[in-house]
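Chain by chain, the residues:
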Amino acid sequence: MTKSELIEQLTTDNDVLSKRESELIVNSIFESIGQALVGGDRVEIRGFGSFTVRERDAREARNPKSGDVVKISAKKTPFFKTGKELRERVNVA
Amino acid sequence: MTKADLVENIYLKTGFSKKESAEIVEMVFDIMKTTLEDGNKIKIAGFGNFVVKDKATRRGRNPQTGEEIEISSRRILTFKPSQVLKAAINELEG
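Predicted, not measured: the structure shown is a model, and the values here were computed from it.

Novice: Sorry, what's going on with the overall build of chain B here?
Specialist: Secondary structure summary: chain B contains three helices and five strands in total. Its C-alpha radius of gyration of 19 Å places chain B more than 25% over the 12 Å reference for a compact globule of 94 residues. For chain B, the spread of C-alpha atoms along the three principal axes comes to 55 × 35 × 25 Å. Restricting the contact set of chain B to residue pairs at least 6 apart, pairs at least 24 apart contribute 30%. In the form shown here, chain B has an accessible surface area of approximately 5,800 Å², with 49% of it arising from carbon and sulfur atoms.

Novice: Quick question: what am I supposed to make of the pattern of salt bridges here?
Specialist: Oppositely charged side chains are able to pair whenever their charged atoms sit close together. Under the defined criterion, the tally for this structure stands at 14 salt bridges over all chains. The partner of Lys71(A) in a salt bridge is Glu60(A), with the nearest N and O atoms 3.5 Å apart. Taken together, the residues Lys71(A) in strand S4 (residues 69-72) and Glu60(A) in strand S3 (residues 59-62) connect sequence positions eleven residues apart. Like Glu60(A), Lys71(A) is exposed. Where Glu26(B) meets Lys3(B), a salt bridge forms, and the shortest distance between an N and an O atom there is 3.2 Å. One end of the pair, Glu26(B), is in helix H2 (residues 18-37); the other, Lys3(B), is in helix H1 (residues 3-13), with 23 residues separating them in the sequence. With a relative accessible area of 30%, Glu26(B) lands in the partly exposed category. Its relative accessible area of 17% is what places Lys3(B) among the buried residues. Each of Glu85(A), Arg89(A), Asp30(B), Lys33(B) and Glu37(B) takes part in a single network of salt bridges with overlapping partners.

Here is what the cut-offs are and how they apply
- For every chain, the first residue of the written sequence is number 1, and numbering continues from 1 onward in sequence order.
- Think of it this way: whatever chain is written first is A, whatever ligand is written first is 1, and the rest follow in order.
- For a predicted model such as this one, the threshold for reporting local features is a pLDDT of at least 70, and the threshold for listing and counting side-chain atom pairs is 80 or more; totals across whole chains, interfaces and linings nevertheless cover every residue.
- In computing side-chain properties, one takes all heavy atoms of the structure into account and sets aside hydrogens as well as water.
- Numbered from the N terminus, helices here are DSSP runs of H or I no shorter than four residues, and strands are runs of E no shorter than two.
- Our radius of gyration looks at C-alpha atoms and nothing else; its globule reference is 2.2 Å times the residue count to the power 0.38.
- In this analysis, two residues are considered to be in contact whenever any of their non-hydrogen atoms come within 4.5 Å of each other.
- The accessible surface values rely on the Shrake-Rupley method and a 1.4 Å probe; as for residues, cover is taken only from the protein chains in view.
- Salt bridge, as used here: a side-chain nitrogen of Lys or Arg that lies within 4 Å of a carboxyl oxygen of Asp or Glu.
- When a residue's accessible area, from a 1.4 Å probe over protein chains only, is under 20% of the maximum for its type it is buried; when over 50% it is exposed; and in between it is partly exposed.

In structure tokens form, the structure reads like this:
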């Protein structure tokens, strides 16, 4: 499912939202989460999961092609922890 | 930030009431949960991909006792952030 398919699904699942409104809403949700993470904030969506920013230490790595040692500086990376409800729902095979 | 903040943002951006905004936000996450539950991935451009992966049974250890245990096969959800999101997070306060 892509973002546009999510928007379409939201539009068909209820009879109040126009496609344009669904688009605005879906975009707003992911923009809000993204902005919170950029601001260093933690985002918790009950029943779904939580997003946090994790710090990665500087490290030395190798260019796999040339074998050269490259220094990789410390950086931040978004991290998602699946919530209990969703973890259990996904695990039912 | 919680779901309530997402609801507030929808309420401010649209003409919907807070109650309606809350129902809509719930609906979006319900669609996502059902999609993932069915084993399908979700790709949000500029944000990241939610991918369901099958993990085989493996041997592990209880880190506290050192006792060897079997970790059963399972289906898990992973999130791979997009380059755009990773870059945005590293740009500020760099």
